[in-house]
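Coordinates in review
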Amino acid sequence: MRKSASPETKGVALPLTSLDFNFTPFIVFWEVTRACAFACRHCRAKAQPWRHPQELSTEEGLHLIDQVADTKAPLLVFTGGDPMMRPDILKLISYAAGRVRRVSLAPSATHLVTPEAVEDTWQAGVSRFSVSLDGATAGVQDSFRGMPGSFKRTMEILEVITGRGYSVQVNTTVSRYNVEMMEEMASVVEGLRPAMWDIFFMVPTGRGTRDDMITPRQHEEVFRWLYHYSYTAPFDIKTTAGQHYRRVAIQESGGAGAAAPGFTSGDGIGRARGVNDGSGCCFVSHTGEVYPSGFLPLVAGNVRQNPLSRIYRDTPIFQELRDTARLKGKCGRCEYKMVCGGSRSRAYAVTGDYLQAEPCCIYQPEAEGGRP
């Protein structure tokens, strides 16, 4: 098994300002299995307790990793379901670590994530772990994740990872169940010493519903709080499915958002434009289907029939998602559309049209009156 780099050198900042998202995704997610012991309230996959019989095999998985390498994508994330439920996960990680610049692993907080498993996956080539924490208390976390003891187990796993000096990202999905405890969440996350706090904003797909989302006004309030908190946070901060955070960062910084900590990150994601569904991002399911993201459930092709690079670069849905001139409604008229673009997955989930305006943005373009 390949010996990995040290904690100090793995996961260094990636100089990605030259990436052309028309040809090269920044990040590829591979749902290696849909099996998972949890029943999370927001799960986009509606994960099941068992593995699907038509999952990509080990050999097909190795071939997919080759396809990811061919796209020149610098980051591959093994996700699920729970990737720890694949018996070949170490082989897949080790192979990917030799072909892709950086490999991340997003396990569920179960008994499978032992200290030995953390060590084995790190030595196999994982550059960063990604662990979800959606509540500052056990009551909120356990209810949201559909598993008693989830909070306690998550904290134990995070302590093991950071105690060994390994890089970890804490993922928090903002929903109506935890939006009032964001400051408390920040305090808990600070105590965990992660490299990054990735804050997801609920998209009503899979088990998630519109009632689970926060309001457009709450999105704005969380963005503005998060931007100012980022100046003192002891870790990087980024958002997922919260593209309009970039607009807020520019506004709050007086136009200097590109240089502000709430707008950039050590992972190289923050720059003049952001990653969005189908633009810098793609998602491969457990059976090989390719989507613009895990939150936009429209199939563009299958890696069993066509190379990932061809699907990403040439299929109409991916091309449309990368063309901001096609955006409709106020997103199409917005002066921030090149740096924001709105969540295409949320637009689809709420309106049925992935080119429609971001439904959770209250901003009115300058031609219509400017700031809310």
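Data block above holds the structure.
These remarks concern the structure in this document. Nothing here was measured: the structure is a model prediction, and the numbers come from that model.

**Observations regarding the overall build of the protein**
Scanning the protein for helices and strands turns up 12 helices and 11 strands. For the protein, the residues scored as buried account for 60% of the 372 residues in total. When contacts within the protein are restricted to residue pairs at least 6 apart in sequence, long-range pairs at least 24 apart make up 73% of them. Total accessible area on the protein stands at roughly 14,300 Å², and carbon and sulfur atoms take up 53% of it.

**Thoughts on the layout of surface pockets**
Put simply, the largest pocket is a space of about 310 Å³. Lining the largest pocket are 19 residues, and of these Gly274, Ser279, Arg322, Thr324 and Met338 lie nearest its centre. A class-by-class count of the residues in the lining of the largest pocket yields six nonpolar, six polar and seven charged.

**Re the packing of aromatic side chains**
Tallying each qualifying case throughout the model produces 16 aromatic pairs. An angle of 5 degrees between the planes, with centres 5.3 Å apart, marks the rings of tryptophan 225 and tyrosine 229 as stacked. Of this pair, tryptophan 225 and tyrosine 229 both sit in helix H7 (residues 216–229), four residues apart, roughly one helical turn. Through a chain of ring-to-ring contacts, three or more aromatic side chains come together here, namely Trp197, Trp225, Tyr229 and Phe235. A cation over a ring is seen here: arginine 322 above tyrosine 312, with NZ or CZ 4.6 Å from the ring centre.

**Some thoughts on the pairing of strand E5 (residues 168–174)**
Along E5, seven of the seven residues are buried, which leaves the element largely enclosed by surrounding structure. Burial along E5 is two-sided: the residues Val168, Val170, Thr172 and Val174 and Gln169, Asn171 and Thr173 are all buried. Relative to E5, strand E4 (residues 128–132) runs parallel, the two being bridged by four bridges. Paired with phenylalanine 129 across the strands is valine 168, a residue of E5. Pairing of E5 with strand E6 (residues 196–201), which is carried by six bridges, proceeds in the parallel orientation.

**Considerations on the pairing of strand E1 (residues 27–31)**
In terms of burial, E1 is largely enclosed, as four of its five residues are buried. Sheet topology note: the E1/strand E2 (residues 75–79) ladder contains five bridges and is parallel. Bridge pairing in E2 places isoleucine 27 opposite leucine 75. When E1 meets strand E9 (residues 280–284), the two strands line up parallel, connected through four bridges. Across the sheet, the residue bridging to isoleucine 27 is cysteine 281, located in E9.

**Overview of the packing of helix H5 (residues 150–163) against helix H6 (residues 182–192)**
Close contact between H5 and H6 brings their axes to 10 Å; oriented N to C, the two are set at 40 degrees. Between H5 and H6, the angle is such that the two are oblique. On H6, the residues touching Met155, Leu158, Glu159 and Thr162 of H5 are Val188, Gly191 and Leu192. Counted by class, the contact of H5 with H6 contains four nonpolar, two polar and one charged residues.

**Focus on the nonpolar core**
Among the nonpolar cores identified, the biggest contains 86 residues, and Trp30, Leu76, Phe78, Phe129, Trp197 and Leu308 are the most heavily contacted of them. A total of six residues in this core trace back to one element, the largest contributor, which is H6. Setting aside chain neighbours within four positions, we find tryptophan 30 in contact with Leu56, Gly61, Leu64, Ile65, Leu76, Val77, Phe78, Thr79, Arg86, Leu92, Val284 and Ser285. Core analysis: the next-biggest nonpolar cluster, separate from the first, contains six residues, Ile250, Tyr336, Val339 and Cys361 among them.

**Regarding the pattern of salt bridges**
Under the defined criterion, the tally for this structure stands at 17 salt bridges. For glutamate 55, the salt bridge goes to arginine 86, with nearest N and O atoms at 3.6 Å. Placement of glutamate 55 in the loop between E1 and helix H1 (58–71) and of arginine 86 in the loop between E2 and helix H2 (89–97) is noted, with a sequence separation of 31 residues between them. Judged by its relative accessible area of 8%, glutamate 55 falls in the buried class. Across the pair aspartate 353 and lysine 328 runs a salt bridge whose closest N-O atoms are separated by 2.6 Å. Taken together, the residues span a long stretch of sequence, with aspartate 353 in the segment after helix H12 (344–351) and lysine 328 in the loop between helix H10 (316–321) and helix H11 (329–333) at a distance of 25 residues. Connected through shared salt-bridge partners, Glu220, Arg224, Arg247 and Glu252 make up one network.

**As for the packing of H1 against H2**
Packing of H1 against H2 brings their axes to within 10 Å, and their N-to-C directions diverge by 20 degrees. With respect to each other, H1 and H2 are oriented roughly parallel. In this structure, H1 crosses over H2, and the sense of that crossing is right-handed. Across the interface between the two elements, Thr58, Glu59, Gly61, Leu62, Ile65 and Asp66 of H1 pack against Lys91, Leu92, Tyr95 and Ala96 of H2.

**Some thoughts on the environment of alanine 186**
With respect to the helices, strands and loops of the structure, alanine 186 is situated in helix H6. You can call alanine 186 buried: its relative accessible area is 3%. Separated by 11 residues in sequence, alanine 186 and tryptophan 197 place their C-alpha atoms 8.9 Å apart. Beyond its immediate stretch of four places on either side in the chain, alanine 186 contacts Trp197, Trp225 and Tyr229.

Analysis parameters
Residue positions within a chain follow its written sequence, with the count starting from 1. The predicted nature of this model means local features are confined to residues of pLDDT at least 70 and side-chain atom pairs, given and counted, to a pLDDT of 80 or more, with totals for whole chains, interfaces and linings taken over all residues. Heavy atoms from the whole structure form the basis of all side-chain values; hydrogens and water molecules are not counted. Under the scheme used here, helices are H or I runs from DSSP no shorter than 4 residues and strands are E runs no shorter than 2 residues, and both carry numbers assigned from the N terminus. Burial status follows relative accessibility: with a 1.4 Å probe on protein chains alone, a residue under 20% of its type maximum counts as buried, one over 50% as exposed, and anything between as partly exposed. Note on contacts: a residue pair is in contact if any heavy atoms of the two residues lie within 4.5 Å. Surface accessibility in these figures is a Shrake-Rupley result with a 1.4 Å probe; residues are shielded only by whichever protein chains are displayed. A cavity here means a set of 1 Å grid points, computed over protein atoms only, where a 1.4 Å probe fits but cannot escape. A pocket is an open set with protein on both sides within 12 Å along at least 5 of 7 lines, and lining residues have an atom within 4 Å of a point. Grid points are joined across faces, edges and corners, and a volume is the space filled by probe spheres set on the points. Throughout, the ten residues Ala, Val, Leu, Ile, Met, Phe, Trp, Tyr, Cys and Pro are labelled nonpolar, Asp, Glu, Lys and Arg are labelled charged, and all others, Gly among them, are labelled polar. Any pair of Phe, Tyr and Trp rings, taking the six-membered ring for Trp, is counted once the centres come within 6.5 Å. Such a pair is stacked with planes under 30 degrees apart, edge-to-face with planes over 60 apart, and tilted for the rest. Throughout this description, the term charge over a ring refers to an Arg CZ or Lys NZ atom that lies within 6 Å of the ring centre and within 35 degrees of the ring normal. Two strands make a pair as long as DSSP finds a minimum of two bridges between them. Lines are fitted to the C-alpha atoms to define the axes, a helix being fitted only along its stretch in contact, and any angle between axes, read from their N-to-C directions, falls within 0 to 180 degrees. Here roughly perpendicular refers to angles of 65 to 115 degrees, roughly parallel to angles under 35, roughly antiparallel to angles over 145, and oblique to all remaining angles. Here, nonpolar core means buried Ala, Val, Leu, Ile, Met, Phe, Trp, Tyr and Cys residues that are tied together by side-chain atoms lying within 4.5 Å of each other. Whenever Lys or Arg places a side-chain nitrogen within 4 Å of a carboxyl oxygen from Asp or Glu, that contact is recorded as a salt bridge. By definition, turning the near helix anticlockwise from the far helix through less than a right angle yields a left-handed crossing, and turning it clockwise yields a right-handed one.

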